[in-house]
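Summary of the model geometry
Residues per chain, in single letters:
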Amino acid sequence: MRVSAAVLLALAAGGRAQQATFEPSYPSPWGAGGPGWDEAYEKAREFVSKLTMLEKVNLTTGTGNQADLCTGNTGAVPRLNFRHLCLQDGPVGVRYTDLNSVFPAGISAAATWSRSLLRRRGEAIGQEFAGKGVDIHLGPVVGPLGRDPAGGRNFEAFGPDPYLAGVAVAETIIGTQSAGVVASVKHYVLNEQEHFRGSVSSNLDDKTMHEVYLWPFADAVRAGVGSVMCSYNKINNTYGCENSYVLNKLLKNELGFQGFVVSDWGAQHSGVDSALAGLDMTMPGEGDYGGPYGSYWGGALTEAMLTLAMPPFRLDDMVMRIMAAFYKVGRDTKQIDINYSSWTYETEGPQYWAAKMGNTTVNKHVDVQADHGELIREMGAKATVLLKNVDKALPLVKPESIAVIGEDAQDNPDGPNGCIDRICNNGTLAMGWGSATAEYPYLIAPATALQKLAEADGTAFTNVKGNFDLDAARAAASSASVAIVFANANSGEGYTTLDGNFGDRNNLTLWKGGDELIQAVASVNPNTVVVIHSVGPVLIDHIKTNPNVSAILWAGLPGQESGNSLTDVLYGVVNPQGRTPFTWGKQAQDWGIETLINSTSATPQQDFAEGAFIDYRYFDREEIEPSFEFGFGLSYSNFTYSDLTATLQDSGPYIPASGGTPAGPTYGRLDMDPVNSLAPANFSKIPQFIYPYINSENIPETPWNPPEGSHNRSAQPVLPAGGPSGGNPELYKVVYAIAANITNSGDVAGTEIPQLYLSHGGPTEPKVVLRGFDEVSLEPGETKTVVFNVTYRDLSNWNVEAQDWRVTGYPKTAFVGASSRDLRLQADLPLPR
């Protein structure tokens, strides 16, 4: 069945007569190349045709947790001098190494609303991974999207708007892969909270899937991403890594994805079933712990090939996809030796860490930072969102005295890397916790940068390092020309608890008494500047309305140059251009979402009954006034908008895709003699290492009925919305060119972020949805014209019956403005043919 929004609403209301499901989809589509992929597929065909069955299995199976140097390691093909593939976290930098950079987190990167900065960040990240010998970068992130403002890993991604997230992820992927590293976009899909992430079923309807959660993954595929990581959770009651509807139909068929699907670590729950459902690589390799191989694949997959429970064309496609991604980014010419170990910082140690074997030089301590600190500083500043600025309290101009107050302005007394995976909240917050972390080469605390500048300016400087001595805070603030008070809110991955928060935040308040600290400071100083480092929105309306709070800045998670980035904004070296990538509500109920924290079910059910109405879309529908709306941000200048035009393009009618695929190909010779799948005589296995060899030539017969259609390699029909890569190319035809003039009406140079919103007009649709933005730098008095190209996809809604995108007959309206609620210009859009 296709789950409708009405069914989900009924289930959420308590009428759970049936569990939410999707229709199975088989066979798993085989890669065929296409735009941007053809050359890579030609090289992959040549390589894969030379492989034996064991070698093919070896490339699809991780060799085990801590089995080799990287976070994830496949088997190798020594006969062809092909080393194992190296997979490594994470989204802000190379995890588990030294002499690497720590970049702003995804949520801060999105706050720049800058395509150029997003691409430069991706390229710099890719360069650092390439410099360490990594083949596959485990990032970027658009899952979680950010449905729940308290979601623990929201900060890794680019915010809850699908369009903004889609632009950000595409630019990041293009940048990363240009450096010769495969990007693996994650976590696909609906991994929207940390509680129960390994068992919860995220249930939603087909329309919402396409219009919200699948949207940025489609942009990732269109950008040519080489890998997609499937998620821990279930989707409509089937695990993400064995969900044939999500992997086979949506990703590989409809979106035409040509790369490979890799499991999140331990997210595989079956052997042949997961392969038939579209999984191509398993990480880290372990699984089926009671079975004969300690892995769902490895020798178990070889057995399945020998019994033909696994069709040969499926294994060939798995390896083809892996190798095509490898060749697409030029790994065949850009690969260098892996020069670090994820498991020790010592120079010498065992290569095979789990087995404690193979002592050698495992860390060469290669410095990959280059000049990336400059980019990180620039990006951290341009990601800072100025939320309030009364009577030009900012920028500061050599104040007589300043008081810096709060632990969040300080160094961690144990050093920036004093907590494993940053599982603490000591000192200034510049990244969340979990696997999306990296080791800081250094971390510039705000107090350090501010003191340095104060000393240069001759400004008296006072620093109160804690949050809980309110008398000291008041004493310092009362005598200062300006009091800058810092507070934060943290979150992370749900494999541990911090301050009682199991990944997801328990609430949306500031941590460590931040509210009380700000109130104490503001009670004695009428020029109080509040700086917040946080993973997402916090409840600050009482701070916004406090008359003694003259300015508020959200500094996000800015990475290693935190203090320098912030000081650049506070003193006007950088005119803030950051715009909030999420909505700030006045109370937790304003978002209409609750984290599922308590459940006695083995499979907790989480119904996404709100449909497309998350974040600002929900606020708009319910007419809730936020503290700060999505897309909001102030500048030290002012901008005016004028002369909106909307020009219908001669793009012709939309044509659904049709036709068929070629038949599923096979490559190389298939050796069906079990004897040849045994380990070679006198072969010495590394303990805890996963191999493709079978244990015995006598393979037990196991009755098994494969899913209907899963072994069918005949030509398959192309879906109406389908096509490589990213779906039907017709979806990306430009239907309207919408232009507006933006003028800097202030007295300083600045950058404005004009935003395009569309109303699709239907009575059950959001009031407006983001469909464009630009970054416009203007001198005082200067005017520039911005043009937004609106595609058929932008103008359409998903039609469940047609299983395609359709422009509905409802009136369409374009709005251009400075935020989702500051819509200054509008124009009606005549319906295209």
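All of these numbers come straight from a predicted model, not from anything done at the bench. (Residues numbered from 1 in each chain as written. Predicted model: local features only at pLDDT ≥ 70, side-chain atom pairs only at ≥ 80, totals over all residues. Heavy atoms only, no water.)

1. Things to note about the layout of surface pockets
Heads up, the condition is: We place a 1 Å grid over just the protein atoms. Points where a 1.4 Å probe fits but has no way out form a cavity, open points with protein on both sides within 12 Å along at least 5 of 7 lines form a pocket, and any residue with an atom within 4 Å of a point lines it. Grid points are joined across faces, edges and corners, and a volume is the space filled by probe spheres set on the points. In DSSP terms, a helix is any run of H or I states spanning at least four residues, a strand is any run of E spanning at least two, and both are numbered starting from the N terminus.
The volume enclosed by the largest pocket comes to roughly 810 Å³. Lining the largest pocket we find 36 residues, and of these N58, G75, A76, V77 and P78 sit closest to its centre. Among the secondary structure elements, those contributing two or more residues to the lining of the largest pocket are α3 (53-60), β10 (348-352) and β11 (357-361). Considering each element in turn, the lining of the largest pocket owes the most residues, 4 residues, to α3.

2. Describing the sheet that holds strand β19 (residues 639-648)
Inclusion rule: Note on pairing: two strands pair once DSSP finds at least 2 bridges between them. Comment: axis = line fitted to C-alpha atoms, over the contacting stretch for helices; angle = value between 0 and 180 degrees taken between N-to-C directions.
Within the open sheet, the 3 strands sit side by side as β19-β20-β25. Their pairing is antiparallel. Since the sheet does not close on itself, it has two edges, and those belong to β19 and β25 (783-791), each with one partner. Pairwise comparison of adjacent strand axes, ignoring direction, gives a mean angle of 20° for this sheet. Relative to β25, strand β20 (residues 734-744) runs antiparallel, the two sharing 9 bridges. The partner of A740 across the bridge, within β25, is V786.

3. Here's the deal with helix α15 (residues 446-457)
Which entries qualify depends on this criterion: Helix span, expected: 1.5 Å multiplied by one less than the number of residues in the helix. Whether a residue is buried, partly exposed or exposed follows from its accessible area with a 1.4 Å probe, protein chains only, as a fraction of its type maximum: under 20%, in between, or over 50%, in that order. Of all possible arcs, the one meant is that of the directions from the helix axis to the C-beta atoms. Any two residues having at least one pair of non-hydrogen atoms within 4.5 Å are treated as being in contact.
End to end, α15 covers 16 Å across 12 residues, agreeing with the expected 16 Å (1.5 Å per residue, within 8%). Turning to α15, its buried residues number three or more, namely P446, A447, A449, L450 and A454. Seen end-on, α15 carries its buried residues on one side only, within an arc spanning 165°. With respect to the buried face of α15, the exposed residues turned more than 90 degrees away are K452, E455 and A456. Those residues of α15 that are buried lie in contact with β13 (401-405), β14 (460-464), β15 (482-489), β16 (528-534) and α19 (562-570).

4. Focus on the state of the cysteines
The cut-off we apply is this: Defined by distance alone, a disulfide is two cysteine sulfur atoms within 2.5 Å.
This structure, assessed with the given rule, holds 3 disulfides. The disulfide partner of C230 is C241, and the gap between their sulfur atoms is 2.0 Å. Because the torsion about its S-S bond is 105°, the bridge between C230 and C241 counts as right-handed. Placement of C230 in strand β6 (residues 227-230) and of C241 in the loop between β8 (238-239) and α9 (244-254) is noted, with a sequence separation of 11 residues between them.

5. Points about the sheet that holds β8
An order of β8-β7-β5-β18 is seen for the 4 strands of this open sheet, with the pairing classed as mixed. This sheet does not close on itself; its edge strands, each paired only once, are β8 and β18 (605-607). Sheet analysis places strand β5 (residues 201-203) next to β18, joined by 3 bridges and oriented parallel. Looking across to β18, one finds that N203 is bridged to D607.

6. Let's talk about the packing of helix α2 (residues 38-48) against helix α12 (residues 312-328)
We apply this condition: Any angle that falls under 35 degrees is termed roughly parallel, while one over 145 is termed roughly antiparallel, one within 65 to 115 roughly perpendicular, and all others oblique. Note: crossing handedness is left-handed where the near helix turns anticlockwise from the far helix by less than a right angle, and right-handed where it turns clockwise. In this classification, the charged set is Asp, Glu, Lys and Arg, the nonpolar set is Ala, Val, Leu, Ile, Met, Phe, Trp, Tyr, Cys and Pro, and all remaining amino acids, among them Gly, are polar.
At a minimum axis distance of 8 Å, the contact between α2 and α12 shows a crossing angle of 130°. Compared by their axis directions, α2 and α12 come out oblique. Note on packing geometry: the crossing formed by α2 with α12 is right-handed. Across the interface between the two elements, A40, Y41, K43, A44, R45, F47 and V48 from α2 touch V319, M320, R321, M323, A324, Y327 and K328 from α12. For the contact of α2 with α12, a count of residues per class yields 10 nonpolar, no polar and 4 charged.

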